[in-house]
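Read off the chains here:
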Amino acid sequence: MSYRLSVVPASVAALLACSTQALAQTRTLNSGSTIYQQTGDFTATTGDSRLGTGGIFDQLFANTWYFRTGSFNGVRIFSSLVTPSYTQEAANVGSWRWLNNGAGPTDRFDATLRISLNEVAPGAAQVLNELTLTNRTATAVTFNIFNRIDLDLSGTNTDDRIAAAQAPGVLAFRQSDASTNFANIAGFGADRFAVNTSTNIRNLFPTSSLNAGTILNLNNTVTNAGPADLAVALQWTFTLNPGESFSLASSFAINAPAIPAPGAAGLLLAGGALAARRRRR
Ligand SMILES: [Ca+2]
Ligand SMILES: [Ca+2]
């Protein structure tokens, strides 16, 4: 079968309209022939994302964000308490903004998540997640941010393998399968990670609005390297004083390097800010 990806969105929209997610918002980014979709504005607890590149539409199951704040043990999906506003900044860039998010008066924060899609060449594309978070309380708060990235390379989900490749300042992973396709995944300044089956990674996080009682810290272990339906979770831990902001980023790419070149300088700055922040702690 051969078709142009550029004609897919209308049919995808029609399919989604018939699905159980008919009421959920779907945000679509386009770069060349590559399509990225985010459904549910970070309320969906199973799969929420799609990536189409090189004529293979569904190579991404989830790109989901969660938080745990200082005085609450539970992990919450980002929009469980606050509905974000969405801005389509460009055809290939979307941003979500949450105001006064958090579980209570000692946990209030504002956050902006920007997702950028960059087609390097037909069949090769990068997705960059950039999250900026501001402490809106009157005291210092420790934040834990989690990103679940569940790629299904080549659109086939049971034949994938993931290997970890840690380097200073970045947690990096390479996903491969029976095809010649590959993916690079990176968490810039991330503190912890987990690699396991898609189901086990999903079960670390809430299936409703909150996982309470157990403090989640990822185990820094590749528990299942495949071949299987796999996923990666990343965790950042940082403390912010009142009014202070912090930026972090993650990236994943199919048949391309994980770091989009246009954002490299900004990411390095973010890494520097992270190092400074940790030294002061
Ligand atoms: Ca695959
Ligand atoms: Ca997967």
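**Quick word on the sheet that holds strand β16 (residues 230-240)**
Thinking step 1. Here six strands make up an open sheet; going across it, the order is β5-β4-β10-β16-β14-β15 and the pairing mixed. Only two strands of the sheet have a single neighbouring strand rather than two, namely β5 (76-77) and β15 (221-222).
Thinking step 2. Relative to β15, strand β14 (residues 192-197) is paired through two bridges, and the arrangement is parallel. Considered in β15, the bridge of Ala 194 is made with Thr 221.

**Things to note about the sheet that holds strand β3 (residues 49-52)**
Thinking step 1. Strand order in the open sheet made by the three strands is β1-β2-β3, with antiparallel pairing throughout. The sheet terminates laterally at β1 (26-31) and β3, the two strands that pair on one side only. Shown here is a sheet whose adjacent strand axes are inclined to one another by a mean of 10 degrees, direction ignored.
Thinking step 2. Here six bridges tie β1 to strand β2 (residues 34-39), and the two strands are oriented antiparallel to one another. Among the inter-strand pairings, Thr 28 is bridged to a residue of β2, identified as Gln 37.

**Here's the deal with the pairing of β14**
Thinking step 1. Here β14 runs beside β16; their pairing, made up of six bridges, is antiparallel. Within the sheet, the bridge partner assigned to Arg 192 lies in β16 and is Gln 235.
Thinking step 2. Crossover connection from β14 via helix α2 (residues 198-203) to parallel β15: handedness left-handed.

Rules used throughout
Residues numbered from 1 in each chain as written. Chains lettered and ligands numbered in written order. Predicted model: local features only at pLDDT ≥ 70, side-chain atom pairs only at ≥ 80, totals over all residues. Pairing = 2+ DSSP bridges. Helix = DSSP H or I, 4+ residues; strand = E, 2+ residues; numbered from the N terminus. Axes fitted to C-alpha atoms, helices over the stretch in contact; angles between N-to-C directions. Right-handed = clockwise from strand over helix to strand, strands pointing away.

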